[in-house]
Amino acid sequence: MSNDDNKTAIENATFQLKKAGKEIFEFFFKNKKIVKVSILSDYNEYHDSTNSFFSVCGFSNIINKEINDKNKKDLIALMFGSLIQTAFLKSYENNKFLDFDFGKKEERNRYIDQIVDILME
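Residues numbered from 1 in each chain as written. Predicted model: local features only at pLDDT ≥ 70, side-chain atom pairs only at ≥ 80, totals over all residues. Heavy atoms only, no water.

Would you mind going over the overall build of the chain with me for this structure?
Assigned secondary structure in the chain consists of 6 helices and 0 strands. Counting from the amino terminus, the chain carries its helices and strands in the arrangement α-α-α-α-α-α. Relative to the compact-globule value of 14 Å for 121 residues, the chain shows a C-alpha radius of gyration of 15 Å, a close match. Considering only C-alpha atoms, the chain reaches an extent of 45 × 35 × 20 Å along its principal axes. Within the span of the chain, comprising 121 residues, buried residues form 36% of the whole. A separation threshold of at least 6 residues defines the contact pool for the chain, and within that pool the share at least 24 residues apart is 63%. Split by element, the accessible area of the chain, about 7800 Å² in all, is 53% carbon and sulfur. (Helix = DSSP H or I, 4+ residues; strand = E, 2+ residues; numbered from the N terminus. Rg over C-alpha atoms; globule rule 2.2 N^0.38 Å. Buried < 20%, exposed > 50% of the residue type's maximum accessible area, 1.4 Å probe, protein only. Contact = heavy atoms within 4.5 Å. Areas by Shrake-Rupley, 256 points an atom, 1.4 Å probe, with all protein chains shown as cover.)

Shown next as structure tokens:
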């Protein structure tokens, strides 16, 4: 794969990861109570049939072809999933700490854009 092809592949993965992240983050905020219970349950007993595990696997699949290092790919997917879940669970506190108002969709989207850009550097 040439450098241009690799750059295009990374850009595509970045776009797809942002798209998926925004959809999931939006779902979280539209379904706050059930999502909170689900995430906390997953944290209490994390295994390969939890929603959190399936989300991380989905993120990993998005970047599968673009990053050859499996460990790096899986770490990026795990960090991304964790950053989304933590931001959701602590959205009120994060509003005070970070420059994001998670009560607004455009701010949630901006958060996703920024964390994906950092993770995919």
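Having put the structure on the table, let's press on.
What should I look at first to understand the side chain of Lys73 in this one?
With respect to the element layout, Lys73 can be found in helix α4 (residues 70–89). Buried charged residue Lys73 carries no salt bridge. Nearest counter-charge: Asp74, at 4.0 Å. Sequence-distant contacts of Lys73, that is, excluding residues within four places in its chain, are made with Ser60, Ile63, Asn64 and Ile67. (Lys, Arg positive; Asp, Glu negative; His and termini not counted. Salt bridge = Lys/Arg side-chain N within 4 Å of Asp/Glu carboxyl O.)

Looking at this structure, I do not really get the confidence of the model for the chain. What am I missing?
Caution applies to low-pLDDT parts of the model: their predicted coordinates are not meant to be read in detail. Here the chain averages 88 in pLDDT, while 93% of its residues score no lower than 70. The least confident element of the chain, judged by mean pLDDT, is helix α5 (residues 91–97) at 72; the most confident is helix α6 (residues 105–119) at 97. (pLDDT = per-residue confidence, 0-100.)

Explain the side chain of Arg108 to me, please; I cannot follow it from the model alone.
With respect to the helices, strands and loops of the structure, Arg108 is situated in helix α6. Ignoring anything within four residues of it in the chain, the contact list for Arg108 reads Phe25, Glu26, Phe29, Phe102 and Gly103.

It is not clear to me how a nonpolar patch on the surface should be interpreted in this structure. Could you clarify?
A grouping of Leu75, Met79 and Leu83 is seen on the molecular surface, where their side chains present a nonpolar patch of about 240 Å² in accessible area. Along the chain, Leu75 falls in helix α4. What makes Leu75 partly exposed here is its relative accessible area of 41%. (Patch = residues over 30% accessible without salt bridge, like charges linked within 9 Å, V, L, I, M, F, W, Y side chains within 5 Å.)

Can you walk me through the packing of aromatic side chains in this structure?
How two aromatic rings sit relative to each other is given by the distance of their centres and the angle of their planes. If you walk through the whole model with that rule in mind, you get 11 aromatic pairs. Between the aromatic rings of Phe25 and Phe29, the centroid separation amounts to 5.1 Å while the plane-to-plane angle is 85°, which identifies the pairing as edge-to-face. Taken together, the residues Phe25 and Phe29, both in helix α1 (residues 3–30) and 4 residues apart, mark about one turn of the helix. Among the residues examined, Phe25 registers a relative accessible area of 0% and is labelled buried. A relative accessible area of 12% means that Phe29 is categorised as buried. Each member of the aromatic cluster is reached from another via a ring pair, and the members are Phe25, Phe28, Phe29, Phe88, Phe100, Phe102 and Tyr111. In this arrangement the basic side chain of Arg108 is found over the ring face of Phe29, its NZ or CZ atom lying 4.7 Å from the centre. (Phe/Tyr/Trp six-rings, centres within 6.5 Å; stacked < 30°, edge-to-face > 60°. Lys NZ or Arg CZ within 6 Å of the ring centre and 35° of its normal.)

How should I be thinking about the environment of Tyr46 in this particular structure?
Within the secondary structure, Tyr46 sits in the loop between α2 (32–44) and α3 (51–62). Judged by its relative accessible area of 42%, Tyr46 falls in the partly exposed class. Sequence separation between Tyr46 and Arg110 is 64 residues; the distance between their C-alpha atoms is 29 Å. When neighbours within four sequence positions are excluded, Tyr46 is seen to be in contact with Ser52, Phe53 and Val56.

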